[in-house]
Amino acid sequence: MNDGDPVAQLTEHQAKAELARLAVEIRLADQAYYQEDDPYLSDADYDALRRRNAAIETRFPHLKRRDSPSDRVGADSASGFGKITHGTAMLSLDNAFTDEDVIEFSRRVRRFLGLADDAPLELTAEPKIDGLSLSLTYERGRLIQAATRGNGLVGEDVSANARAVEDIPETLSGAGWPDRIEIRGEVYMTHTAFAQLNAREEAAGRKTFANPRNAAAGSLRQLDPAITRARPLNFFAYAWGEVSAAFAPTQKAAMAAFKAWGLRTNPLFASHDSLPGLIAAYHALAAQRAQLGYDIDGVVYKVNRLDWQARLGQASRAPRWAIAHKFPAERAVTRLEAIDLQVGRTGALTPVARLAPVTVGGVVVSNATLHNENEIARLDVRPGDDVEIQRAGDVIPQILRVINPDRSGRPAAFAMPQTCPECGSAALRETDEKGDVDVRRRCTGGLICPAQIIARLKHFVSRKALDIDGIGARQIELFYRRGVVSAPQHLFQLPARIEQAGLTPLQTWEGFGETSVGNLLAAIDRHREVPFARFLNGLGIRHVGETTAGLLARTYVSWASFWGDVTAAAEAPGCDAELQLLSMDGVGQTAVDSLKAFAAEPHNREMLDALLAEIRVLDGAAPRSDSPVAGKIVVFSGTLDTMTRDEAKARATALGAKVSGSVSAKTNILVAGPGAGSKLTKAETLGVTVLTEAEWLDLISTG
Ligand code: IVH
């Protein structure tokens, strides 16, 4: 059977087999195109596969598969996996790099909980597995679904593949499990399995994997569970998400419960009641690392008591009750071939080291960041030098030092240009209001600098902004070079702009075909409604990144009211609208100034108007609008008895309140403990509701 066999001559049996083959082939091609940005089929070949699939389905409608490629348009589902919203977010961990960072972590925990320096504080230590996290949902002890981390809130449904992992039980054994529980842990590949897999890949003439983590990720995200089964993966359970009932009082007891239910937990998990014990455990694990047979990249410490974990809660993306103590990064020596300059979204000129390729910790490295001109001067690094580089986890490799034994005959020291290498505009080091000179040189070309325009557009479509599948760096560069797209709104006018530019339709362009253009335009159309936070982040306003954008979206909810305040603040600095922006914990003067500067530029306003004629900004989700203090501006003053100030603020924020540092007419509630002083007087004058700590606790417990 081959692609050329006419559909009309297929027997039913052959047709069924052929549909199965096409489903896999088309998915793999979609994945390469949309997710790996690395298509291996020409558009014509890809279209031929889809046409053949459709023709067979027309002839044998009853054989159409549940996962038929014809039901998938566009990229979201083209990945082949459905989406699963996690019951509670899958968080990441803060990092500690030194013993001092760990001591500081323990101080922070004590301060937050109000514990004395010598009060007992039990912490657990366990290896940080270098794999990918997975959330398993068990209902009445049965595995009902498995999801990857995704963006932390929504992951991909990899249930079928998780069932192919031996360490993941279909049903929990023993007793005492909550009716519903999200069990979280790490999927990883052992060194042995990795070596065997790569040997097989090589023998088959396929690409090998750079490291076990990539191999584990690639294997778990296989569309065909049979392939996953053929690539042995393992799983350690170490945490949980949503649970229908509490099941343990401590982390240690939770691990014991997992084990009793038939899940694998790491045998090196232990608890310690002193910091020296904890740090000794770290060094012991570092020494054992090479013999474990799987990759670990540090040690995770967790507060053992779960009631304390609950009180500590989480900051924006990581729990306050845990920290990852990372192992030192891996290092290697190579030759610096050249220093290039990259111009970023905000015009910053970043020197990039081009290196002779070298393997560091299993990954081939050929670029390293040099940050800025001060860094180059500090290292005194020049092309031709031998340099020591280091790579830690996913961060961009760095140059540590020059190790030339002989420094004679080197080229002159690198000098940053005074003009932008991309557009020729002046490149300046800015001075801030305190008189400090920025370490980075920035191109002043703004909207005339192609590098900045392209970088902004790439940011606009990137994963953390609009996340338009099928439009990545390559497409943006192509559209820009052909004069089709130079501002975000142009993406939503693609066919018309192509026509206006006097070009042939997109379908006729090299690398594009009927189907991929259809998918692309459908993907763009799906993004005509954009969540507030993603939209704001996508605008790429300096100092207003993902976190600030999220905060503003949750607080303002409506784009119109937010943008109204920003324009008002730009027109009348110091007005109420500006104070309202500044009253938010986490939004500082720098971010507000940057928003004002953006809004004050006529061309930015024009761009926004044009963009908003194409798309609609969806309301941001208000946090916990069901809580009695949601949206209220709260100020704490004086001493609190049952909790520390940090804890009080964190709980209020988690319930959707905005915590402010000072009392104004906009304040809704002042929680006043003994010694509240001038804030209390001011609140009374302004008629702000004043609550005691007990009254406040009463109020929030009704939520
Ligand atoms: S605890 C809420 N324990 O590291 C905290 N994470 O860098 C849940 N990881 O996203 C995480 N080994 O994927 C925990 N023993 C361990 C871990 C571990 C690996 C991963 C996890 C997390 C990432 C953060």
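Moving on, we get to the overall build of the protein. The helix and strand tally for the protein stands at 24 helices and 24 strands. Computed over its C-alpha atoms, the radius of gyration of the protein comes to 28 Å, within 12% of the 27 Å expected for a compact globule of 703 residues. Once the C-alpha set of the protein is aligned to its principal axes, its extents read approximately 90 × 70 × 65 Å. Taking all 703 residues of the protein together, 47% fall into the buried category. Of the contacts formed within the protein by residues at least 6 apart in sequence, a portion of 67% connects residues at least 24 apart. Carbon and sulfur atoms make up 52% of the accessible area of the protein, which amounts to about 32,700 Å² in all. Positive and negative side-chain charges of the protein, numbering 80 and 88 respectively, have mean locations separated by a distance of 1 Å.

Attention shifts here to empty space enclosed by the protein. Following the criterion strictly, the structure yields 1 cavity of 30 Å³ or more and no others. Here the largest cavity defines a volume of roughly 30 Å³. Taken together, I84, H86, S135, T137, Q145, A146, A147 and E182 form the lining of the largest cavity. Listing elements by their share of the lining of the largest cavity, those giving two or more residues are β4 (132-139) and β5 (142-148). Broken down by element, the residue count for the lining of the largest cavity peaks at 3 residues, all from β5. Among the residues forming the lining of the largest cavity, the class breakdown is 3 nonpolar, 4 polar and 1 charged.

Backbone geometry places R140, a non-glycine residue, at a positive phi of 45 degrees. With respect to the helices and strands, the residue R140 is situated in the loop between β4 and β5. Using a relative accessible area of 64% as the deciding quantity, one classes R140 as exposed. In the Ramachandran plot, H371 falls in the positive-phi region, its phi being about 65 degrees despite a non-glycine side chain. Tracing the sequence through the fold places H371 in the loop between β14 (363-369) and α11 (373-379). H371 gets classed as partly exposed once you look at its relative accessible area, which sits at 27%.

One open sheet accounts for 5 strands, arranged β2-β11-β10-β3-β9; its pairing is mixed. Only two strands of the sheet have a single neighbouring strand rather than two, namely β2 (95-96) and β9 (270-272). Sheet topology note: the strand β3 (residues 123-129)/strand β10 (residues 296-303) ladder contains 7 bridges and is antiparallel. The residue bridging T124 from the neighbouring strand is K302, located in β10. Where helix α3 (residues 99-113) meets the sheet, its contacts fall on β2, β3, β10 and β11 (322-326), and the angle it forms with β11 comes to roughly 175 degrees. Seen against the sheet, helix α9 (residues 275-288) touches β3, β9, β10 and β11 and runs at an angle of roughly 20 degrees to β3.

Here we come to the packing of α3 against α9. Taken N-terminus to C-terminus, the directions of α3 and α9 make an angle of 140 degrees; their axes are 11 Å apart at the nearest point. When the axes of α3 and α9 are compared, the pair comes out oblique. Viewed along their axes, α3 and α9 form a crossing whose handedness is right-handed. Mapping the contact onto sequence places D99, V102, I103 and S106 in α3 and L275, L278, I279 and H283 in α9.

Attention shifts here to the environment of R335. Looking at where R335 falls in the secondary structure, it is placed in strand β12 (residues 330-343). Taking the relative accessible area as the measure of exposure, R335 reaches 41% and is therefore partly exposed. Remark: the alpha-carbon pair of R335 and D386, spanning 51 residues in sequence, is separated by 4.5 Å.

Enumeration according to the criterion identifies 40 salt bridges in this entry. With its nearest N and O atoms 3.3 Å apart, the salt bridge here joins D380 to R410. Placement of the pair is D380 in the loop between α11 and β15 (386-391) and R410 in the loop between β16 (398-402) and β17 (427-431), with a sequence separation of 30 residues. Residue R410 is classed as buried on the basis of its relative accessible area, which comes to 17%. Here K596 ties to D593 by a salt bridge, and the two come within 3.6 Å at their closest N and O atoms.

Relative to the 21 Å expected for 15 residues at 1.5 Å per residue, α3 spans 21 Å between its end C-alpha atoms, a close match to the ideal helical length. Buried within α3 we find V102, F105, S106, V109, R110, F112 and L113. Backbone geometry just after α3 places G114 at a positive phi near 70 degrees.

With respect to spatial proximity, the complete set of residues near the ligand consists of L91, L93, E126, P127, K128, I129, S133, E186, Y238, V300, K302 and P319. A distance of 2.9 Å is found between an oxygen atom of the ligand and a side-chain nitrogen or oxygen belonging to E186. Here an oxygen atom of the ligand and a side-chain polar atom of Y238 are 3.1 Å apart. Computed on the free molecule, the ligand has an accessible area of 530 Å², of which 87% lies beneath the protein chains in the complex. Class assignment for the residues of the shell around the ligand results in 7 nonpolar, 1 polar and 4 charged.

So, about the layout of surface pockets. In this structure, the second largest pocket occupies an estimated 1,200 Å³ of space. If you list the elements that add at least two residues to the lining of the second largest pocket, you get β17, β18 (437-443), α12 (450-461), α20 (589-600) and α21 (602-612). Examining the composition of the lining of the second largest pocket, we find that 6 residues originate from one element, α20, more than from any other. Here the residues of the lining of the second largest pocket are counted per class, giving 13 nonpolar, 15 polar and 13 charged.

Mapping P178 onto the fold places it in the loop between α4 (159-162) and β7 (180-188). P178 sits 332 residues away from E510 along the chain, and the two C-alpha atoms are 56 Å apart. If we ignore the near neighbours within four places in the chain, the residues touching P178 are V243, S244, A245, F247 and W261.

Turning our attention to the confidence of the model for the protein. A low pLDDT means the predicted coordinates there should not be read in detail. Averaged over the protein, the pLDDT score is 89; the fraction of residues at 70 or greater is 95%. Summarising per-element confidence for the protein, the mean pLDDT is lowest in helix α1 (residues 12-35) (80) and highest in helix α8 (residues 251-260) (98). Here residues 73-78 is a poorly scored stretch, pLDDT under 50, and it has 16 contacts once near neighbours within four places are set aside; other chains count.

Right, let's talk about the packing of aromatic side chains for a bit. Overall, the coordinates contain 21 aromatic pairs when judged by the stated rule. Arranged with centres 5.0 Å apart and planes meeting at 15 degrees, the rings of Y188 and F236 form a pair that is stacked. Taken together, the positions of Y188 in strand β7 and F236 in strand β8 (residues 234-243) put the pair 48 residues apart, joining distant regions of the chain. Y188 gets classed as buried once you look at its relative accessible area, which sits at 3%. Aromatic rings pair up to connect F532, F535, Y556, W559, F562, W563 and F598 into one cluster. We note R482 situated over the ring of W509; from NZ or CZ to the ring centre the distance is 4.4 Å.

Calculation rules
Residues numbered from 1 in each chain as written. Predicted model: local features only at pLDDT ≥ 70, side-chain atom pairs only at ≥ 80, totals over all residues. Heavy atoms only, no water. Helix = DSSP H or I, 4+ residues; strand = E, 2+ residues; numbered from the N terminus. Rg over C-alpha atoms; globule rule 2.2 N^0.38 Å. Buried < 20%, exposed > 50% of the residue type's maximum accessible area, 1.4 Å probe, protein only. Contact = heavy atoms within 4.5 Å. Areas by Shrake-Rupley, 256 points an atom, 1.4 Å probe, with all protein chains shown as cover. Lys, Arg positive; Asp, Glu negative; His and termini not counted. Charge placed at Lys NZ, Arg CZ, Asp CG, Glu CD. 1 Å grid on protein atoms, 1.4 Å probe; cavity = no way out; pocket = protein on both sides within 12 Å on 5 of 7 lines; lining within 4 Å. Points joined across faces, edges and corners; volume = space filled by probe spheres on them. Nonpolar A, V, L, I, M, F, W, Y, C, P; charged D, E, K, R; others polar. Pairing = 2+ DSSP bridges. Axes fitted to C-alpha atoms, helices over the stretch in contact; angles between N-to-C directions. Parallel < 35°, antiparallel > 145°, perpendicular 65-115°, else oblique. Left-handed = near helix turned anticlockwise from the far one by under 90°. Salt bridge = Lys/Arg side-chain N within 4 Å of Asp/Glu carboxyl O. Expected span 1.5 Å × (residues − 1). Near = heavy atom within 4 Å. Polar contact = N/O pair within 3.5 Å; in protein donor to acceptor, adjacent residues only side chain to side chain. pLDDT = per-residue confidence, 0-100. Phe/Tyr/Trp six-rings, centres within 6.5 Å; stacked < 30°, edge-to-face > 60°. Lys NZ or Arg CZ within 6 Å of the ring centre and 35° of its normal.

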